Amino acid sequence: MMSNRTLSLFQLCDSNFPTGAFSHSYGLETYIQSDLVHSPETFSNWLKVYLEEQLVFSDGLAARLAYEALDAGDEERLWELDRLLTVQNLARETREGTHRIGVQMLKMAKKLYGAPILDVYHARIKDNQVFGHPALVFTMAGHYLEVDRDTTVLYYMYTSIVNLVQNAVRAIPLGQTAGQQIIYSLQEDLMAAVEKINQLGEDDFGIVSPGMELAQMQHERLNVRIFSS
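This write-up is about the structure you can find in this document. (Residues numbered from 1 in each chain as written. Predicted model: local features only at pLDDT ≥ 70, side-chain atom pairs only at ≥ 80, totals over all residues. Heavy atoms only, no water.)

Examining the side chain of Asp 82
And step 1. Among the structural elements, Asp 82 can be located in helix 4 (residues 75-87).
And step 2. A polar atom in the side chain of Asp 82 sits 2.8 Å from the backbone nitrogen of Gly 132.
And step 3. Ignoring anything within four residues of it in the chain, the contact list for Asp 82 reads Tyr 121, Val 130, Phe 131, Gly 132, His 133 and Leu 136. (Helix = DSSP H or I, 4+ residues; strand = E, 2+ residues; numbered from the N terminus. Polar contact = N/O pair within 3.5 Å; in protein donor to acceptor, adjacent residues only side chain to side chain. Contact = heavy atoms within 4.5 Å.)

Some details on the nonpolar core
Soluble globular proteins tend to pack their nonpolar side chains together in the buried interior.
And step 1. With 77 residues, the main nonpolar core has Phe 43, Trp 46, Leu 47, Tyr 121, Met 140 and Met 157 as its most contacted residues.
And step 2. Among the elements that take part in this core, helix 3 (residues 40-72) stands out by supplying 15 residues, more than any other.
And step 3. For Met 157, the residues in contact, after removing those within four places along its chain, are Leu 51, Leu 55, Val 56, Gly 60, Leu 190, Ala 193 and Ile 197. (Core = buried A, V, L, I, M, F, W, Y, C linked by side-chain atoms within 4.5 Å. Buried < 20%, exposed > 50% of the residue type's maximum accessible area, 1.4 Å probe, protein only.)

Quick look at the packing of aromatic side chains
And step 1. Taken as a whole and judged by the stated rule, the model has eight aromatic pairs.
And step 2. Ring centres of Tyr 26 and Tyr 50 lie 6.3 Å apart, and the angle between their planes is 40°; on these two criteria the pair is classed as tilted. Within this pair, whereas Tyr 26 is found in the loop between helix 1 (4-10) and helix 2 (28-33), its partner Tyr 50 is found in helix 3, the two being separated by 24 residues in sequence.
And step 3. Overall, Tyr 50 belongs to the buried group, its relative accessible area being 6%.
And step 4. Where Trp 46 meets Tyr 50, the ring centres are 5.4 Å apart and the plane angle is 15°; that geometry is what we call stacked. Of the two residues, Trp 46 and Tyr 50 both sit in helix 3, four residues apart, roughly one turn of that helix. (Phe/Tyr/Trp six-rings, centres within 6.5 Å; stacked < 30°, edge-to-face > 60°.)

Notes on the pattern of salt bridges
And step 1. A full pass over the atoms with the stated rule returns nine salt bridges.
And step 2. A salt bridge links Arg 149 to Glu 68; the shortest N-O distance between them is 2.9 Å. Of this pair, Arg 149 sits in helix 8 (residues 149-171) while Glu 68 sits in helix 3, placing them 81 residues apart in sequence.
And step 3. Among the ionic pairs, Glu 220 bridges to Arg 92, the shortest N-O distance being 3.4 Å. Remark: Arg 92 occurs in helix 5 (residues 92-113) and Glu 220 occurs in the segment after helix 11 (210-218); sequence separation between them is 128 residues.
And step 4. Residue Glu 220 is classed as partly exposed on the basis of its relative accessible area of 32%.
And step 5. Given the relative accessible area of 37%, Arg 92 is considered partly exposed.
And step 6. Several salt bridges share partner residues, and in doing so they unite Arg 64, Glu 68, Arg 149 and Asp 150 into one network. (Salt bridge = Lys/Arg side-chain N within 4 Å of Asp/Glu carboxyl O.)

Overview of the packing of helix 5 against helix 6 (residues 116-126)
And step 1. Put simply, helix 5 and helix 6 touch, their axes get as near as 10 Å, and they point 140° apart. With respect to their mutual orientation, helix 5 and helix 6 come out oblique. Both helix 5 and helix 6 take part in a crossing whose hand is left-handed. Where helix 5 abuts helix 6, its residues Val 103, Leu 106, Lys 107, Ala 109 and Lys 110 lie against Leu 118, Asp 119, Tyr 121, His 122 and Ile 125.
And step 2. Here the residues of the contact of helix 5 with helix 6 sort into six nonpolar, one polar and three charged. (Axes fitted to C-alpha atoms, helices over the stretch in contact; angles between N-to-C directions. Parallel < 35°, antiparallel > 145°, perpendicular 65-115°, else oblique. Left-handed = near helix turned anticlockwise from the far one by under 90°. Nonpolar A, V, L, I, M, F, W, Y, C, P; charged D, E, K, R; others polar.)

Quick look at the packing of helix 3 against helix 9 (residues 176-185)
Angle between the axes and distance between the axes: these two values describe a pair of packed helices.
And step 1. Interhelical geometry of helix 3 versus helix 9 gives an angle of 35° and a closest axis separation of 11 Å. When the axes of helix 3 and helix 9 are compared, the crossing they make is right-handed. In this structure, helix 3 uses Pro 40, Phe 43, Ser 44 and Leu 47 to contact helix 9, whose residues at the interface are Ala 178, Ile 182 and Ser 185.
And step 2. Split by residue class, the contact of helix 3 with helix 9 holds five nonpolar, two polar and no charged.

Description of unusual backbone geometry
And step 1. Cis rather than trans, the peptide bond between Ile 172 and Pro 173 has omega equal to -10°.
And step 2. Structurally, Pro 173 can be placed in the loop between helix 8 and helix 9.
And step 3. Unusually for a residue other than glycine, Asn 128 sits at a positive phi of about 60°.
And step 4. Tracing the backbone shows Asn 128 in the loop between helix 6 and helix 7 (134-144).
And step 5. Residue class for Asn 128 comes out exposed when judged on its relative accessible area of 71%.

Regarding the environment of Ala 168
And step 1. Position of Ala 168 among the secondary structure elements: in helix 8.
And step 2. Judged by relative accessible area, which is 0%, Ala 168 ranks as buried.
And step 3. Separated by 58 residues in the primary sequence, Ala 168 and Ile 226 place their C-alpha atoms 11 Å from one another.

Next up, the structure:
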């Protein structure tokens, strides 16, 4: 049975949670304007590629490694992961947008949970010692709430997918029903993604799809945009 502490973490998964994720498409808008994504089917295919070829090898793997660092009490490892997450994110808009989401999530999570590690992270960001990333904030919250590692990683991946679905509903546009059907259809893919993350080594970090990265870089040159990235 889901514990109250697990449910507390799940609050961060709400697409209405005020992190600003609604203003970022992570390159999806580039694909939409190129008419490569224009329907529930083409969006679902894009989302699976984003999950399996970018999210798994960046945020997802970092979340697992961060949880293990927290178990070991290795704070320096957390700050190194923060650096790696930032420098491997080559697209400027995506890098800056992710930072803004991370800082906003951190501010809210501090107020909700009162976890000391979140205070430390925020202080280091303010002192320009680290950058700030939502995958680390979410993992810190999950670890503090004593939610197990795999559930924490799964919930973070789920959050990323739900936010992108809600943005696709507006941008393609998709109907709300189609959006919910896509979320439901990806449940097994999300669980498989966590299993894959558990099999990865640190050397696999940052092995992401170049097509996704190029689309994120091209976004800032689009003539008309509704998203910041």
